[in-house]
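# Commentary on secondary and tertiary structure
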Amino acid sequence: MKTGILTKPEIQELFSSMITKNGEESRIFVPATIEGRVILEEFSPEREIFYDFANFLRPPKGIFFPQREVLCSFEQERAVEVPPAAGRIIIFGIRPCDARSFLFLDKIFSAGSSGFADPYYLGRRENSVIISLSCIEPSEGCFCTSLGGGPGDESGSDIVAFDLGDRLLFEAHSAKGENFIEENTTEFRQPDAADQNAKKESLQAAFNAISRISTDGLVEKLDDDFSDSFWEEITATCLGCGVCTYLCPTCHCFDITDEKDRDGTGTRVRTWDSCQYPLFTMHASGHNPRAEKKQRMRQRIMHKFSYTPRTTGDVFCVGCGRCVRKCPVNLDIREVIRKINGE
Amino acid sequence: MIEVQNQMRILASDLIRQKRVDFIIGYEQGTLAHTSRPCIIDVRTSGPEVSEKLVWNSYCSNNLSVYLQKFFAPPVQGRKKDAAPPLRIGLIVKGCDLRSVLNLIREKQVPRENLILIGLPCTGMLDKKKMEINKDELDIEKNIQDSCLECRFSNVKGVDFEITGKTREVPGDLYEVVRLFEARTRKDRLAYFEKEISRCIRCNACRQACPSCYCRECFADQKDMKWLGSGTMSDTMIYHLIRIFHQAGRCAECDACFRACPEEIDLRTFTRKLAKDVEELFGFVTDFNRESIPPLSTFSSGDSDSFITEPEEGG
Ligand code: SF4
Ligand code: SF4
Ligand code: SF4
Ligand code: SF4
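Residue and element names in this part refer to chain A. Relative to strand β6 (residues 78–81), strand β5 (residues 68–75) runs antiparallel, the two sharing four bridges. Residue pairing in the sheet places glutamate 75 in a bridge with arginine 78 of β6. Taking the residues that link successive antiparallel strands as the turn, the β5-β6 hairpin has two residues, and the phi of glutamine 76 there is positive, at about 45°.

Residues and elements named next belong to chain A. Here chain A is partitioned into domain 1 (3–56 + 84–208) and domain 2 (218–340). Here domain 1 and domain 2 have C-alpha centroids that lie 28 Å from each other. Contacts between the two partners involve 22 residues from domain 1 and, on the opposite side, 20 residues from domain 2. Here domain 1 packs against domain 2, burying approximately 1800 Å² in sum over the two surfaces, 63% of which is carbon and sulfur.

Take the pairing of strand β1 (residues 3–7) of chain A next. Residues and elements named next belong to chain A. The buried fraction of β1 amounts to four of the five residues, a majority that puts the element mostly inside the structure. Relative to strand β10 (residues 167–172), β1 runs antiparallel, the two being bridged by five bridges. By the bridge assignment for β10, leucine 6 is matched with leucine 168.

The next subject is the interface of chain A and chain B. For an interface, size is often stated in terms of accessible area lost upon the parts coming together. Contacts between chain A and chain B engage 35 residues on the former and 33 residues on the latter. When chain A packs against chain B, close to 2800 Å² is buried across both sides, 51% of that on carbon and sulfur atoms. Where A:Glu35 meets B:Lys195, a salt bridge forms, and the shortest distance between an N and an O atom there is 3.2 Å. Viewed at the interface, chain B and chain A are joined by 14 residue pairs in polar contact (both at pLDDT 80 or more). Elements with a minimum of two residues in the side of chain A that touches chain B: α10 (243–246), β11 (254–260), β12 (265–272), α12 (322–326) and α13 (333–340) of chain A. If one sorts the elements of the side of chain A that touches chain B by residue count, α12(A) sits on top with three residues. Here the residues of the side of chain A that touches chain B sort into 14 nonpolar, nine polar and twelve charged.

Bringing the packing of aromatic side chains into the picture now. By the definition in use, this model includes 24 aromatic pairs over all chains. Considering the side-chain rings of A:Phe64 and A:Phe102, the 5.0 Å spacing of their centres and the 70° angle between planes classify their relative orientation as edge-to-face. Taken together, the residues A:Phe64 in helix α2 (residues 61–64) and A:Phe102 in helix α3 (residues 96–109) connect sequence positions 38 residues apart. Residue classification places A:Phe102 among the buried residues on the basis of a relative accessible area of 0%. Geometrically, the ring pair formed by A:Phe65 and A:Trp272 is tilted, given 6.2 Å between the ring centres and 40° between the ring planes. Of this pair, A:Phe65 sits in the loop between α2 and β5 while A:Trp272 sits in strand β12; the two residues are 207 residues apart in sequence, bridging distant segments of the chain. No difference in accessibility class separates A:Phe65 from A:Trp272, as the two residues are buried. Taken together, A:Phe64, A:Phe65, A:Phe102, A:Phe109, A:Tyr121, A:Tyr246, A:Phe254, A:Trp272 and A:Tyr277 form an aromatic cluster joined through their ring pairs. In this structure, A:Lys199 packs its charged tip against the face of A:Phe162, placed 4.6 Å from the ring centre. Geometry around B:Phe258 places B:Lys129 over its ring, the cationic atom sitting 4.3 Å from the centre.

Cut-offs used in this document
- Residues numbered from 1 in each chain as written.
- Chains lettered and ligands numbered in written order.
- Predicted model: local features only at pLDDT ≥ 70, side-chain atom pairs only at ≥ 80, totals over all residues.
- Heavy atoms only, no water.
- Pairing = 2+ DSSP bridges.
- Helix = DSSP H or I, 4+ residues; strand = E, 2+ residues; numbered from the N terminus.
- Domains from an automatic or database assignment.
- Contact = heavy atoms within 4.5 Å.
- Buried area = accessible area lost by both parts, 1.4 Å probe.
- Buried < 20%, exposed > 50% of the residue type's maximum accessible area, 1.4 Å probe, protein only.
- Salt bridge = Lys/Arg side-chain N within 4 Å of Asp/Glu carboxyl O.
- Polar contact = N/O pair within 3.5 Å; in protein donor to acceptor, adjacent residues only side chain to side chain.
- Nonpolar A, V, L, I, M, F, W, Y, C, P; charged D, E, K, R; others polar.
- Phe/Tyr/Trp six-rings, centres within 6.5 Å; stacked < 30°, edge-to-face > 60°.
- Lys NZ or Arg CZ within 6 Å of the ring centre and 35° of its normal.

So this is what it looks like as structure tokens:
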């Protein structure tokens, strides 16, 4: 495994030099603050990388799967394809849970599970390098360790960077990651024992702060015929706002609409959608198979914890805790799972 | 507050024992720090001891009246033949919740006779976002929600049961924030509006959390006659302008929309501005008066039309 140490100012410099390098343009995304909010923002040399945060409000899925994307435009009968933007994408500073979510999204948007490879998603994704940042202070609501992740987990990351205060320890976990360190090898210093110790300590502290749930046998438990009243009870206070799905790094449902002007020209647009909205399943006839919120929440839970484990082999939750923290009525998915477990 | 909580629990268990309610809507302990959350208890199937679940503290900010309308609305897919008689709901209310309830009653969404309103004295609710920033939980006033700072209705009126206690003093300047906003140029105000809503992810949480947004089919969801496109800036702007205007004289300034918004978009400056306009132009306040007619439901030839202006050059 290739490793290397960079100080925080050196990282700033490295990225500045990478925006255009050897004739290739890269879009680099880094953590930044704007008016007190921490967001994943496109890097420019003036933009200071921000390290003191738990996680971004928004998941990073929008970089590969934008909330609104024009797929093609048309003029009367003639369609004009709008190809996805080219160029390398480097994402630095997302948390390991979110990096892990890309593995799941990859399964959805590549030919594997659906039989259809999505050129828009894959066009961006294939040309990307993911450098995740280990967690120091997990948020209330994080439960990644129950779902195969962890504060220094490498799944989905080409490189994991460990924040050691004034410096970062980079560890490559894929060929892309090895290449990245190789390409910039003169910039990196080799880690010593003190660096390795600092890494271990910071991880342990983070690990201990993370809440846990059990997902043992959950797929089978969800097969049991849960009564309607179970779902009714847990969703009694749900507002149906969809925040839990829009902010979820693994939720990937979308809608496609044609937007036409009077002269017959227009665009075909893909936008995020959510199973928590009644319109999601509304038939043209007016019939809605999921007219009630208990049915919609059942879909959300079943999709993540029963259907995708069967179709893709993965639970579609990385335990990032966004839905836990941001639900306006504190409908906590950890609690729902515990109830299903009979705890 | 503990005293109020105890009285509330006793009252709730009495109501259950006397079989005067079918449901009680109140607050329970949440799963995160500094969090209470709504709970809806079906008391037909539980004993009076469930009242022990109810809590009352400075985190009870959710507006519970948002759950009322669905108890009385006809079901989405046709009314069943042998529909049960309407349920009786016991509802815990603060001043702002009560004003939302009265709005629902005025607009004939909820029958007053099916409600048992339990009014609690409110000293203001704490704002989790402010608490995170200030990291100073002890200074209560510093962490009070903005809506509570401008509240003049913390003392409930016209409820079925009132638990008395300390409430907030009516502030001197009710519309300070709006006045500051109004003092800016038109261009500046528009820029601020655009800056705020540019973060909107169109999740509609603001609408879903609002007790006055109970429309069976919101204009934003209409497909056959589509008012809104897929989420360009101008679509988002239309969504917000219409949602906010639909709150004229109906908004109880509870800030449920603002709290629900995951992007922490400043929705309150705009709803508040509307409240001020409605008060100044039509003399209407969404107060505790059940009989008053909200401006959007009535018309008089003497109504102000001062808001119809020529577009300003430059601004
Ligand atoms: S379901 Fe919730 S905790 Fe799990 S990945 Fe999605 S937002 Fe994160
Ligand atoms: S965020 Fe909460 S209230 Fe909104 S849809 Fe999800 S569970 Fe329901
Ligand atoms: S925004 Fe307007 S149309 Fe939509 S639910 Fe609210 S009041 Fe109804
Ligand atoms: S809750 Fe916030 S992000 Fe969601 S639609 Fe409303 S303003 Fe937009």
